[in-house]
Every structure is written in structure tokens, then in C-alpha cells.
Amino acid sequence: MFGAGGGTSSYREAEDADLLVLWGSNAREAHPIFFHHVLKGVRRGARLYAVDPRRTSSAQWADAWLGLEVGSDISLANAIAREIIHAGLVNETFVRRATTGYEAYAASVEPYPLDRAERDTGVPAGLIRQLAHDYARADRAQICWTLGITEHHNAADNVFALINLALLTGHVGRYGSGLVPLRGQNNVQGGGDMGAIPNKLTGFQDVAANTEARARFEAVYGTPIPPEPGWHLSQMFEAMEDGELTACYVIGENPLRSEADTGRARKLLSGLEHFVVQDMFLTDTAKLAHVVLPATATWCEAEGTVTNSERRVQRVRKALEPPPGARDDIEIIGEIARRLGADWGQPSAEDLWNELRTLSPMHAGMSYRRLEELGGIQWPCYDEQHPGELFLHARLWEEDPARRGTPAPFTPVEQDPPVDELSPEFPIRLTTGRRLDSFNTGVQTEHYATPIRRPETLNLSPEDATRLGFTEGEVARVSSRRGSLEVPVHVDETLRAGLAFMTLHFPDQVATNVLTLDAWDPKSGTAEFKATAIRVDKPGTASPAGGNLNAEVEA
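Let me sum up the structure you'll find in this document. All values reported here derive from a predicted model rather than from experimental measurement.

## Quick look at empty space enclosed by the protein
1) Next: As enumerated under the stated definition, the model contains 2 cavities of 30 Å³ or more in all.
2) Next: Its volume calculated, the largest cavity comes out at about 50 Å³.
3) Next: Lining the largest cavity we find R257, T262, L504, P507, V510, A511, T512 and N513.
4) Next: By residue class, the composition of the lining of the largest cavity is 4 nonpolar, 3 polar and 1 charged.
5) Next: The volume enclosed by the second largest cavity comes to roughly 40 Å³.
6) Next: If you go around the second largest cavity, the residues you meet are V21, W23, I80, L131, Y135, I143 and L165.
7) Next: Elements supplying a minimum of two residues to the lining of the second largest cavity: β1 (19–23) and α7 (125–137).
8) Next: Of the residues belonging to the lining of the second largest cavity, the class tally is 7 nonpolar, no polar and no charged.

The following block contains the structure:
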């Protein structure tokens, strides 16, 4: 409920919060603009907690760091909830008036006392208790999360566990209090808003259940819209494997490098009967395509809108003409439609936006004129007198039940360990993430130099480096149950023994996703990038049982 469609709070509200929890988020490096707001809050007296397996550069600013074991987030969250309940710190008025399912939820967290959570997570029980009490007692508190809890096979359950904490304490629907999912890429929020989700129409209208919305779209589009949800990305790759999906059109994505298990991704993309890639770069994925459609740089060579993580829709203005051969995405898609027999004319970006405003109630009041005048508007914005919502779910605090609307449900969830189990053959847990100087698969950031960038490394704790006999910069052979590669070692004091770290920024140097597992969450479709079991050996070591050394060559 609260995780889909943007954060419940504005980024700027972090400056006025009394307590901030960065849960699975190294915001200092992955979301540096947001982190500036966090630091303003800290300097004004807010307490900052960091929940992360690594002692990241964000955690180094925190009042307390909860260095949990990878994949133990639900045990930690449930223990915090149990402690809040047993300490009498539940916001009973809010829970009684604005939620459902509390009794079942309270029963579900009872098996998670502090001592169990300490065993599951590695976090001292006293520190878990401290966070529970500080979070519950704070007047305004926010939990901020990102891929650290969503790139798991139980991603949605991890998010539900955090939503439950906000409902338990009433830290939602009020200024400065809320749940803040930090979006991983520019305009990824806008993509979801526009309907780039297989079970949603524009404006997060459910394609199956919302028959009224579907009828509106059918009237404008002049064609029936199937009520069945489409495939998400993980299902698409399964459909390729089963022979159901034989043609694919990729726009602005580099799945060959960004998908888990690179060897499998290469095999499936290479086996498509027809493969089209539309991009501003000739990515590794584009090199596999039968047809490449050169697109523009939408941030400076096209008109349109962008939606940031706090739901703020802003104008994008064309500043440069694109290079010869590149065409605007709207023009490309319109020309494909024309050749397929549907002549849409030559609509401008504003024309398309105005059509969207007639179909998506939450965007109805956002004319280009108002976006210009106000410097952007946060959805929902229902008419041209509406200012947009600074934060969501304020209705839950209404006294009038009719105005309060549907109550928010508690969702009991249980701890479920990573799919890729540690074993004597694969005893080290590899987790992945980002660095401040680079982005995703490096396509956009590899073209410029920066003094803080360094080549890809396998980051090992000092204890593991010593135990395994590696020194700084020495090349190691890293193997998982899917593949192997060679990479220099970096001795990283932010890591605990048994935990390793890599990025996917430099696939031409090190194809990290050769190692990662493509198990995915059935509720969200997200793959488990954050919890790979690996072993680390000297180069030339024989392949462990199950390791596909050919994956290194293929990648």
C-alpha cells in the first residue's frame, strides 16, 4: 500500500524529522542529494540510525549502526515491533482508528524476542531495543529504504515489515513522519506513474480490478485492453526460456549487464527471433540486437516531464538538437505505430501529457502552465486549483470515518533466509551495491573521469583477507554456484568477517552478475542480487562443485 507509487513523505521533510532510519540504504553514495537533506536534519538534532550489513559511508554519520546479517531484515523488524508492543509504546489510538489486522500481526511477531533477533541478525539485543524505543517515542520519524531490502527473493515482505512498524507507531500520514522508498534511477518513479508496471494503468489504476479506468482508456485508445496483468521482467526471461517470448523491444535498459546471472541472460537474449533495442548508447545489450534505434538524450534533447522520488512532476526542456541519426523516443514510437497501421499523427510531448491528464486522476491538475509556474507539483493533484500533496495518507488521521476511508492493513510476515545458502564450498556472503562516482552498469558514467573512481574490486574484510592469504590489489578467483571470475582484492574495514562486496559498474572489467542468483520475489518480480554465496580462491584453483567456469568466458 505505502511502498508503491512514491514515498509517503517529501525529501525535504527529512530536515524536520526527529529520527531517521536508513534501512538497507547507503544514501550517502546512492542518493547523495537526499542525503544532504538527511544531514540537515542531523545537524538540527535528529537521531540517525543505519541498518545495513556494511558500515557504509552513510552509517558513519549515524548515532548507531545495526550491522545485520544479509537477509535477516524481517527478524529485526518483527523484534522491533514486539519490543514496541511489550513496552506499551504502540500508538493505540491510531491503530484502533486507522488500521486493520493488529491482533493477528501482534501474534505473528511474538516469536521474535530480542534474543532470537540477536541470533538471527548479529545485532546486539540492546541496540535493537534502543532503536525500537527511540522510533516509537519520536514525534516525527521516517524509515528510508532502497535496494538493500528490495533486491531479495522476499522483497515485498521486507517492505511490509517496515510498513507494519510505521502503522504500529502512527509514523505515517503526518508531516515529517513517513515511509520513504528511495528510487534507484532518475525518473523511475515517473515510469511507474506512467503505467510501466504490468498490472497497472497510468496513475497506478489496477488493470484487472478497476473496470471504470479500463473503460476510460479503451474509449480514448479505441481498442479493448485485456484485464490480465502482463509479465514483469523476471517473468519475461522465464518466458524466453520456455519459448513463449520470442521477440523483445528494449527501451533505455541494459539487461545483459543489469540482470542477475549474466550467462543465462546472454543465452536467452541471443536466442530471440527478433530483438530491438532503442537507446542513446550502443550498450552491450544493443550489440546483441537485430535492430538498434538511436534515441536522444531525454534530459537535454527532448521535451517532457520527469517525476522524482518525492512524487514531484517537473518539466524537462529541450536545450540541444540531437546528433544526426538520433530521433526523439516519441517520434520513433509514433513511426513504428504508423508502419504497423496506426497513424497517431505527430503529437507533441505536451499533447501526450494532456491526454494522460484525462486518464489519470492523480495528474489531472498538472498542466504545463502550472508545472512552469509552480516549479513542479507533487501528485496527487486532482484539478487546477489543487496544490498537490506534500505527503500522503493524511486521511488516516481524520476523525470522520467517511473522510478517513479504507483502513491500512497490517501484513504479518515471517523471516525467510536467502535462497543461495552458505556452505563449506561457498562460505562467504557477497552483497552488491553502488559507489558515489558511478551508476548502474556504467553506460552513462564510464565516459567521464573522476579522481575518486577506482577499478572494480572484491571487497573483503581484513579478517577474511588475512585468513585467505590475500593482500591489497592481489587478484582472486571468485566463484558462485553459477560462474567464476577473477578480480583484484580490496581490504575493506567496513565489512565484517564472512561478508564481501562488489558493484556492477564495470562489467567490461569484471562481470559481477556472472555470480549473482536470478531467484526472484513472486510478489514484486525483483531478483535477489544482495545475497549470493561465494568462495574466494587463488587464481588457477580448480572449479568447485556446481561452479560453471565457462560463464566467465561467455561473459
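Moving on, there is more to tell.
## Focus: the packing of aromatic side chains
1) Next: One pass over the full model with this rule turns up 5 aromatic pairs.
2) Next: Measuring from ring centre to ring centre gives 4.7 Å for F94 and W397, while their planes differ by 35°; the resulting arrangement is tilted. Here F94, found in helix α4 (residues 92–98), pairs with W397, found in the loop between β14 (377–378) and α19 (401–404); they are 303 residues apart in sequence, far enough to count as distant.
3) Next: F94 sits in the buried class, given a relative accessible area of 0%.
4) Next: Under the relative-accessibility criterion, W397 is labelled partly exposed at 25%.
5) Next: Ring centres of Y105 and F410 lie 4.9 Å apart, and the angle between their planes is 15°; this geometry places the pair in the stacked category.

## Observations concerning helix α5 (residues 102–109)
1) Next: Taken together, the buried positions of α5 are occupied by Y105, A106, S108 and V109. The buried residues of α5 occupy an angular sector of 160° when projected down its axis, which confines them to one face. With respect to the buried face of α5, the exposed residues turned more than 90 degrees away are E103 and A107.
2) Next: Where α5 is buried, its residues contact α3 (73–86) and α9 (155–169).

## Section: a nonpolar patch on the surface
1) Next: A cluster of nonpolar side chains, namely Y249, I251, I333, I336, L340 and W344, defines an oily patch on the protein surface of about 600 Å² accessible area.
2) Next: Listed by contribution, the elements that provide at least two residues to the nonpolar patch are β9 (247–251) and α16 (329–339).
3) Next: Structurally, I336 can be placed in helix α16.

Rules used in this analysis
Residues numbered from 1 in each chain as written. Predicted model: local features only at pLDDT ≥ 70, side-chain atom pairs only at ≥ 80, totals over all residues. Heavy atoms only, no water. 1 Å grid on protein atoms, 1.4 Å probe; cavity = no way out; pocket = protein on both sides within 12 Å on 5 of 7 lines; lining within 4 Å. Points joined across faces, edges and corners; volume = space filled by probe spheres on them. Nonpolar A, V, L, I, M, F, W, Y, C, P; charged D, E, K, R; others polar. Helix = DSSP H or I, 4+ residues; strand = E, 2+ residues; numbered from the N terminus. Phe/Tyr/Trp six-rings, centres within 6.5 Å; stacked < 30°, edge-to-face > 60°. Buried < 20%, exposed > 50% of the residue type's maximum accessible area, 1.4 Å probe, protein only. Arc of directions from axis to C-beta. Contact = heavy atoms within 4.5 Å. Patch = residues over 30% accessible without salt bridge, like charges linked within 9 Å, V, L, I, M, F, W, Y side chains within 5 Å. Areas by Shrake-Rupley, 256 points an atom, 1.4 Å probe, with all protein chains shown as cover. Salt bridge = Lys/Arg side-chain N within 4 Å of Asp/Glu carboxyl O.

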